[in-house]
Amino acid sequence: MNQPLAYIHPQAKIARNVVIEPFSTIHKNVTIDEGTWIGPNVTIFEGARIGKNVKIFPGASISAVPQDLKYKGEETETFIGDNTVIREYVTVSRGTDDRDKTVIGSNCLLMAYVHVAHDCIIGDNCIIANAVQIAGHVTVNDYAIIGGSSAIHQFVKVGAHTMLSGGSLVRKDVPPYTKAAREPLTYCGINSIGLRRRGFSSEKINEIQEIYRYVFLKGLNNSKALDLVELELAPSKERDEIINFIRSSDRGVMKGYSY
């Protein structure tokens, strides 16, 4: 159902039941899977790989050349997962030779004016609110929620099931299952409401909370805190995920709670 006022390059691969509204432009080397809706005035550049039942609203720009002076025209890609919604004037840049791709997962919501830079990896079921600016090489894991007008520094990692306050300046990594707010960005407890909504038991939430007491509330450095967590708390998927996230952090993690 392609409108005559849309431009679709003859080499683009478009499923039969994709809807492309007037004044949108689809470049070559693009694939769009079935059930997807491309609103008016959308531009989809080379290297875009768009999944099923995606909705892309007016003014969005997908898979544009990276805003990176090191980019030399290498062939890279942008992946948009199934059932993701991309609202008005979102910009998503394709990858560079660092990761060769930018990825937005499935079932995500990117609200209006979000920018996702080159080589970012956004997991599944993420909500990124209005005007969030995500620099290059950032990783955001599944079920993260990022409040409006936040800015995320390049190479930062945001853990799964986190919730970041609106207007956050994210210069350090944010460990999984946490809430973060204030300036500088600070641990504000675990995302217990979000975890309950996603089926985590009270026992599991208490376990995660106890791990972060060691990490953020006992006045220990990270190495000592993690050693004690391993020594004193029973192994579990969540415990090991938190330990591995913090130990593998290149930028360091956000600061602990303080009055």
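The coordinates are above.
It should be emphasised that the depicted structure is a prediction, and the values quoted were computed from it without experimental measurement.

**Describing the sheet that holds strand β16 (residues 115-116)**
For step 1, the next point in the chain: Taken together, the nine strands give an open sheet; going across it, the order is β1-β4-β7-β10-β13-β16-β19-β22-β25, and neighbouring strands pair in parallel fashion. Either end of the sheet is taken by a strand with one partner, and the two such strands are β1 (7-8) and β25 (169-170).

**Points about the sheet that holds strand β20 (residues 139-140)**
For step 1, the next point in the chain: Read across the sheet, eight strands follow the order β2-β5-β8-β11-β14-β17-β20-β23 without closing on themselves; strand pairing throughout is parallel. Unpaired on one side and paired on the other, β2 (13-14) and β23 (157-158) mark the two borders of the sheet.
For step 2, the next point in the chain: In this sheet, β20 lies alongside strand β17 (residues 121-122) in parallel orientation, the contact comprising two bridges. Residue I121 lies in a different strand from β20, and its bridge partner there is T139.

**Regarding the nonpolar core**
For step 1, the next point in the chain: One finds I44, I56, V116, I122, I134 and Y212 to be the most contacted residues of the largest nonpolar core, which totals 65 residues.
For step 2, the next point in the chain: Within the residue set of this core, elements represented by two or more residues are β8 (48-50), β27 (186-190), α2 (202-217), α3 (222-232) and α4 (237-247).
For step 3, the next point in the chain: The element best represented in this core is α2, accounting for seven residues.
For step 4, the next point in the chain: Contact partners of V116, with chain neighbours within four places excluded, come to T91, V92, S93, T102, I104, L110, I122 and I134.

**Observations regarding the side chain of H9**
For step 1, the next point in the chain: Topologically, H9 is positioned in the loop between β1 and β2.
For step 2, the next point in the chain: From its side chain, H9 meets the backbone nitrogen of Q11 in a polar contact 3.0 Å long.
For step 3, the next point in the chain: Discounting chain neighbours no more than four positions away, the residues touching H9 are I26, H27 and K28.

Parameters at a glance
Residues numbered from 1 in each chain as written. Predicted model: local features only at pLDDT ≥ 70, side-chain atom pairs only at ≥ 80, totals over all residues. Heavy atoms only, no water. Pairing = 2+ DSSP bridges. Helix = DSSP H or I, 4+ residues; strand = E, 2+ residues; numbered from the N terminus. Core = buried A, V, L, I, M, F, W, Y, C linked by side-chain atoms within 4.5 Å. Buried < 20%, exposed > 50% of the residue type's maximum accessible area, 1.4 Å probe, protein only. Contact = heavy atoms within 4.5 Å. Polar contact = N/O pair within 3.5 Å; in protein donor to acceptor, adjacent residues only side chain to side chain.

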